Number of protein chains: 2
Amino acid sequence: MTGWVAVAGLGPGDERLITAEVREALDAATDVVGYAPYVARVAPRDGLVRHPSDNRVELDRASHALDLAAAGRRVVVVSSGDPGVFAMASALFEALQARPDPDAFDIRILPGITAMLAAAARLGAPLGHDFCAINLSDNLKPWELIERRLRLAAQAGFAMAFYNPRSAARPHQFARALEILREEAGPQTLICFARAVTTEAESLSVVTLAEARPDMADMRTVVILGNRDTRRVGRFVYTPRSAR
Amino acid sequence: MTGWVAVAGLGPGDERLITAEVREALDAATDVVGYAPYVARVAPRDGLVRHPSDNRVELDRASHALDLAAAGRRVVVVSSGDPGVFAMASALFEALQARPDPDAFDIRILPGITAMLAAAARLGAPLGHDFCAINLSDNLKPWELIERRLRLAAQAGFAMAFYNPRSAARPHQFARALEILREEAGPQTLICFARAVTTEAESLSVVTLAEARPDMADMRTVVILGNRDTRRVGRFVYTPRSAR
């Protein structure tokens, strides 16, 4: 097989956060596959076919990329952020598992700046101690599991980053998550809302859990909860390196 | 104050994983401050003063960077990986907290590709579902807290990334961590050892917890533990997007 698939992270939005490794793969590609808004971030050029697709068709998209590679094409599957964090890399391997000879495919995963780390950098250093990353969407797991994870993560004293905190289809769940976090972590814990980080639409806010309202988040927001030691200094918020 | 401080992530080692944003800051800097092996990754040039320092002097180094900025210098504090993940960003804000006017300083945090995400990309997608990041060093927290976090994280079903898994000063602790993980997550759970990722010295191995030995890790290794659904496909390991 002469074709290949690279699953590449485009970072959070700012073009200066795309790695040289990802740019090289895009320059060498014949095909770009991905969710339409991410494909739109790749400039058109002669010899490059762009294949935008809808949200929630990750497996179809991954299978399409494998088919193209099998036909000799050089394919970049684009994700925003990092492809290994709630993005296309796992979907590609799920599609690969259905193939009779997985090792026949030339596959590379090219890391990118994931949303929570871009958001943390803009806020200060809220993830400067042990932390966890939780996808709050219940598309692919039961909501009860999410509630259980929130409680255990708070009991462990993790700072937390939440992806997909809230959507129109499930407006009440993030309100419930905030309730659980207030119970387990305490109302004075700091929580950060980072929307559209590193783009022109960026907005950042930091409040206590007592002050947090569900409508502070939408699907373009990464939410970062501090641990009990997380604090403000000047316009920044950070979590100290040490813990008691 | 005309000087500034940028805390920048150099990524895991491969020069192609340094962002353009970080390169621009290094090009504009008058001073580079950091742990000697990271400062050595920045090429010398006229007009650039390099200040290498030892390990474990993070607060002194951060305070030095603030002093230089106060004197009008343009300072880049370099970390490997991402500066916000077990690196210099939190130390800088700890030093800033001791200053009478924190908002007088021009400070930016410039994200980078952190070791666990570079390692995950090389391995496949082991962090493709909810996960946590734990620093296994007990320099800055009690070992009992680490044990408690490991147990709760396993009970929550997180995949886990471990930074600083093992050092000559504390050879027995990683063995104890593996024992706890075998108890809580089960002996068939996959565990990945990724050493010196994206450098010429890179080595990767994937075994079950039953097969894992403490000497598979050293201070240049990032260890990634899967969750109960993590599996192999061809030469890769990945965690499915869904959970039961």
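Residues numbered from 1 in each chain as written. Chains lettered and ligands numbered in written order. Predicted model: local features only at pLDDT ≥ 70, side-chain atom pairs only at ≥ 80, totals over all residues. Heavy atoms only, no water.

### Notes on the relation of the copies chain B and chain A
Once turned by 180 degrees and shifted 0.0 Å along the axis, chain B lies on chain A with an RMSD of 0.0 Å. These values place the two chain copies in the arrangement generated by a two-fold rotation axis. Scanning chain B for the C-alpha nearest the rotation axis identifies Cys 132 of chain B, at a separation of 1.9 Å. (Least-squares fit on C-alpha atoms with pLDDT ≥ 70 in both.)

### Describing the sheet that holds strand β10 (residues 203–208) of chain A
Spatially, the 10 strands line up as an open sheet ordered β10(A)-β9(A)-β11(A)-β8(A)-β7(A)-β7(B)-β8(B)-β11(B)-β9(B)-β10(B), and their pairing is mixed. Strands with a single pairing partner mark the edges of an open sheet, and in this sheet they are β10 of chain A together with β10 (203–208) of chain B. The mean angle between the axes of side-by-side strands here comes to 15 degrees, regardless of whether they run parallel or antiparallel. Bridge analysis of strand β7 (residues 131–135) of chain A against strand β8 (residues 159–163) of chain A gives 5 bridges, and the strand direction is parallel. Among the inter-strand pairings, Ala 133 of chain A is bridged to a residue of β8 of chain A, identified as Ala 161 of chain A. (Pairing = 2+ DSSP bridges. Helix = DSSP H or I, 4+ residues; strand = E, 2+ residues; numbered from the N terminus. Axes fitted to C-alpha atoms, helices over the stretch in contact; angles between N-to-C directions.)

### Side note on the nonpolar core
Counting 52 residues, the largest nonpolar core has Leu 150 of chain A together with Leu 150 of chain B as the members making the most contacts within it. Broken down by element, the residue count for this core peaks at 7 residues, all from helix α6 (residues 143–156) of chain B. In this structure Leu 150 of chain B touches Ile 134, Leu 136, Met 160, Phe 162, Ala 177, Ile 180 and Leu 181 of chain B, once residues within four positions along its chain are discounted. In this structure, Ala 161 of chain A together with Leu 123, Ala 159 and Ile 224 of chain B belong to the second largest nonpolar core, which totals 48 residues. (Core = buried A, V, L, I, M, F, W, Y, C linked by side-chain atoms within 4.5 Å. Buried < 20%, exposed > 50% of the residue type's maximum accessible area, 1.4 Å probe, protein only. Contact = heavy atoms within 4.5 Å.)

### A closer look at the packing of aromatic side chains
Per the stated rule, a full pass over the model turns up 11 aromatic pairs over all chains. Centre to centre, the rings of Phe 174 of chain A and Phe 193 of chain A are 6.4 Å apart; their planes meet at 90 degrees, and the pair counts as edge-to-face. Placement of Phe 174 of chain A in helix α7 (residues 171–185) and of Phe 193 of chain A in strand β9 (residues 190–195) is noted, with a sequence separation of 19 residues between them. A single burial state applies to Phe 174 of chain A and to Phe 193 of chain A, both of which are buried. Members of the aromatic cluster, connected to one another through ring pairs, are Phe 93 of chain A together with Phe 236 and Tyr 238 of chain B. For Arg 108 of chain A, the ring lying beneath its charged end belongs to Trp 4 of chain A, and the centroid distance is 4.9 Å. Over the face of the ring belonging to Phe 158 of chain A we find Arg 149 of chain B, whose NZ or CZ atom lies 5.9 Å from the ring centre. (Phe/Tyr/Trp six-rings, centres within 6.5 Å; stacked < 30°, edge-to-face > 60°. Lys NZ or Arg CZ within 6 Å of the ring centre and 35° of its normal.)

### Topic: the sheet that holds strand β1 (residues 4–9) of chain B
Residue and element names in this part refer to chain B. Strand order in the open sheet formed by 5 strands is β3-β2-β4-β1-β5, and the pairing between neighbours is parallel. In this open sheet, the two edge strands, each paired with only one partner strand, are β3 (49–53) and β5 (107–110). On average, adjacent strands in this sheet sit at an angle of 20 degrees to one another, irrespective of strand direction. Helix α1 (residues 20–28) contacts β1, β2 (31–35), β4 (74–79) and β5 of the sheet and is inclined by roughly 140 degrees relative to β1. Sitting on the sheet, helix α3 (residues 58–70) touches β1, β2, β3, β4 and β5, and the angle it makes with β2 is about 175 degrees.

### Regarding the pattern of salt bridges
Across all of its chains, the model carries 38 salt bridges over all chains by this definition. Put simply, Arg 16 of chain A and Glu 24 of chain B hold a salt bridge, and the shortest N to O gap is 3.0 Å. Of the two residues, Arg 16 of chain A sits in the loop between β1 (4–9) and α1 (20–28) while Glu 24 of chain B sits in helix α1, which places them in two different chains. By relative accessible area, Arg 16 of chain A is classed as partly exposed at 32%. Taking relative accessible area as the criterion, Glu 24 of chain B reaches 41% and is therefore assigned partly exposed. (Salt bridge = Lys/Arg side-chain N within 4 Å of Asp/Glu carboxyl O.)

### Quick notes on the packing of helix α3 (residues 58–70) of chain A against helix α4 (residues 88–97) of chain A
All names here are of chain A. Two elements in contact, α3 and α4, have axes separated by 8 Å at closest approach and are oriented at 65 degrees. Comparing the axis directions of α3 and α4 gives the class roughly perpendicular. In this structure, the crossing between α3 and α4 has a hand that is right-handed. Between α3, through Glu 58, Leu 59, Arg 61, Ala 62, Ser 63, Ala 65 and Leu 66, and α4, the contact on the second element is made entirely by Met 88, Ala 91, Leu 92, Glu 94, Ala 95 and Leu 96. Here the contact of α3 with α4 is composed, by residue class, of 9 nonpolar, 1 polar and 3 charged. (Parallel < 35°, antiparallel > 145°, perpendicular 65-115°, else oblique. Left-handed = near helix turned anticlockwise from the far one by under 90°. Nonpolar A, V, L, I, M, F, W, Y, C, P; charged D, E, K, R; others polar.)

### Quick word on helix α7 (residues 171–185) of chain B
All names here are of chain B. Taking 1.5 Å of rise per residue, 15 residues should cover 21 Å, and α7 covers 22 Å from first to last C-alpha, within 8% of that figure. For α7, the complete set of buried residues consists of Gln 173, Phe 174, Ala 177, Leu 178, Ile 180 and Leu 181. The buried side chains of α7 occupy one side of the element, clustering within an arc of 165 degrees when seen end-on. Pointing more than 90 degrees away from the buried face of α7 are the exposed residues His 172 and Glu 183. Phi turns positive, to about 95 degrees, at Gly 186, one or two residues after α7. (Expected span 1.5 Å × (residues − 1). Arc of directions from axis to C-beta.)

### Quick notes on the interface of chain B and chain A
Chain B puts 71 residues into the contact, and the matching count from chain A is 71 residues. When chain B packs against chain A, close to 6,100 Å² is buried across both sides, 58% of that on carbon and sulfur atoms. Contact with chain A buries surface across chain B, with Arg 16, Arg 149 and Arg 241 of chain B losing the most and accounting together for 13% of the total. In this structure, the connection of chain B to chain A is made through 14 salt bridges. Here Glu 21 of chain B and Arg 16 of chain A are joined by a salt bridge, their closest N and O atoms 3.3 Å apart. (Buried area = accessible area lost by both parts, 1.4 Å probe.)

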